[in-house]
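Commentary on secondary and tertiary structure
Here are the chains, one letter per residue:
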Amino acid sequence: MDELIQKISKASGVKVEEVEKRVQEKQDELSGLISKEGAAYIVGRELGVNLIKEGKRELKIKNLVAGLNAVDIKLEILKVFEKRDYEKNGKRGSVLNLLVEDETGKTRLVLWGQDTDLVADSQLTEGDVIKVNRATVKKNNFGEVELGLGKGGSIEKVGRSEGFKKSAKTGLDLHTRVDIADIRDGYFEIRGCIVQVFKRTPFFFVCPKCDGKLDGKICGKDGEVEPKKQLIISAVVDDGTGTIRTVFFRELAQKIVGKTDSENPEEIYGKIKLGQEYVIKGKVKKSNFSGELEMVANFVDDVDPKKEAEKILSELETTN
Ligand SMILES: [Zn+2]
């Protein structure tokens, strides 16, 4: 790290203390979303110092900042998404996304046009470790940093999963907005209305000490406890293209129900506004019970018209 600062100082003629100060300011400005090293790269770039010598420097995901070019990076493939063809202004194109990670975080590698063939040609699949050469880094329209392939870039399969530690603290949102009709296993965001509620019971019980599952009044860790009541709402969400059963737990269920102290299930269900539109993020998988796809929500909010407009604009740009 100090070496990096020295390098920037030497190449730019700016004093070490001043570079350090700028790095700190850059980190503060980005509210701690970036490592010190990452901030140093930006500051270096601002001072006209190119710290990334072509093909020399291997970066980690946490250090990626928009604007970097010719990055070499080693990644593990978590998921290969389907190739999507599109047509815009009479021109055809295709795009293919890979969800990738290393020990410092997760991101997307987005391939366009002929580069999408690299996946089939090299038979890239989940769990493959790849080395990407001459990658580019840009911010996508949702403000997330993602990788692309630069001119002359390549992807090389170098092995199988090394079991990178899953990093929860990446600050990345990997929920892609989809139409419910196109939904499949994975993490997605949908925008739809609650059209039906399953009225079984709006409560489930957990251990008050560890929030864990209970067998009656018995917690496997804490012994006999007084069960704590939590809210659960299971509902059908419809976005006009399809429907999906969605489960909301705790605060998320609270958000759907609104403020209430009621213990009466009917009263609680009665507070849910059918037809109310929400943006919901969550994990989608096939229910063991029904065999149908089901979403477990991990985020829910009212529809923000401003954000929605930005999303639509950005979608138009991505298919450019
Ligand atoms: Zn417990």
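1. Details of the pattern of salt bridges
Two side chains of opposite charge can pair, provided their charged atoms sit close to one another. Counting across every chain of the model gives 19 salt bridges. One salt bridge in this structure joins arginine 177 and glutamate 189, with 2.7 Å as the shortest N-O distance. Of this pair, arginine 177 sits in strand β8 (residues 176-177) while glutamate 189 sits in strand β9 (residues 186-197), and the two are 12 residues apart along the sequence. An identical accessibility class is assigned to arginine 177 and glutamate 189; each is buried. The partner of arginine 250 in a salt bridge is aspartate 211, with the nearest N and O atoms 3.3 Å apart. Pair noted here: arginine 250 is in helix α5 (residues 250-257) and aspartate 211 is in the loop between β10 (203-206) and β11 (214-215), with a separation of 39 residues, a long-range link. The exposure class of aspartate 211 is partly exposed, given its relative accessible area of 36%. Ionic contacts of the salt-bridge type, sharing partners, join the residues Lys26, Glu29 and Glu46 into one network.

2. A short note on the coordination of the zinc ion
Note on the zinc ion: its protein donors are Cys207 (SG), Cys210 (SG), Cys219 (SG) and Asp222 (OD). The metal-donor distances range over 1.9 to 2.4 Å. Considering all four donor atoms around the zinc ion, the spread of angles at the metal, 103 to 117°, places the coordination shape in the tetrahedral class. Counting residues between consecutive donors of the zinc ion along the chain gives the motif C-x2-C-x8-C-x2-D. Of this pair, cysteine 210 sits in the loop between β10 and β11 while aspartate 222 is found in the loop between β12 (218-219) and β13 (223-224), placing the two residues 12 residues apart along the sequence. For cysteine 210, a relative accessible area of 29% corresponds to the partly exposed category.

3. A short note on the packing of helix α1 (residues 2-12) against helix α2 (residues 16-29)
Describing two packed helices takes the angle between their axes plus the distance from one axis to the other. With their axes 9 Å apart at the nearest point, α1 and α2 run at an angle of 115° to one another. Here α1 and α2 pass one another in a crossing that is right-handed. The segment α1 lies against α2, with Asp2, Ile5, Gln6, Ile8 and Ser9 engaging Val16, Val19, Glu20 and Val23. Here the contact of α1 with α2 is composed, by residue class, of five nonpolar, two polar and two charged.

About the thresholds
- Residues numbered from 1 in each chain as written.
- Predicted model: local features only at pLDDT ≥ 70, side-chain atom pairs only at ≥ 80, totals over all residues.
- Heavy atoms only, no water.
- Salt bridge = Lys/Arg side-chain N within 4 Å of Asp/Glu carboxyl O.
- Helix = DSSP H or I, 4+ residues; strand = E, 2+ residues; numbered from the N terminus.
- Buried < 20%, exposed > 50% of the residue type's maximum accessible area, 1.4 Å probe, protein only.
- Donors = N, O, S within 2.8 Å, 3.2 Å for Na, K, Ca; no water.
- Tetrahedral: all angles 85-135°; square planar, octahedral: opposite > 155°, others 65-115°.
- Axes fitted to C-alpha atoms, helices over the stretch in contact; angles between N-to-C directions.
- Left-handed = near helix turned anticlockwise from the far one by under 90°.
- Contact = heavy atoms within 4.5 Å.
- Nonpolar A, V, L, I, M, F, W, Y, C, P; charged D, E, K, R; others polar.

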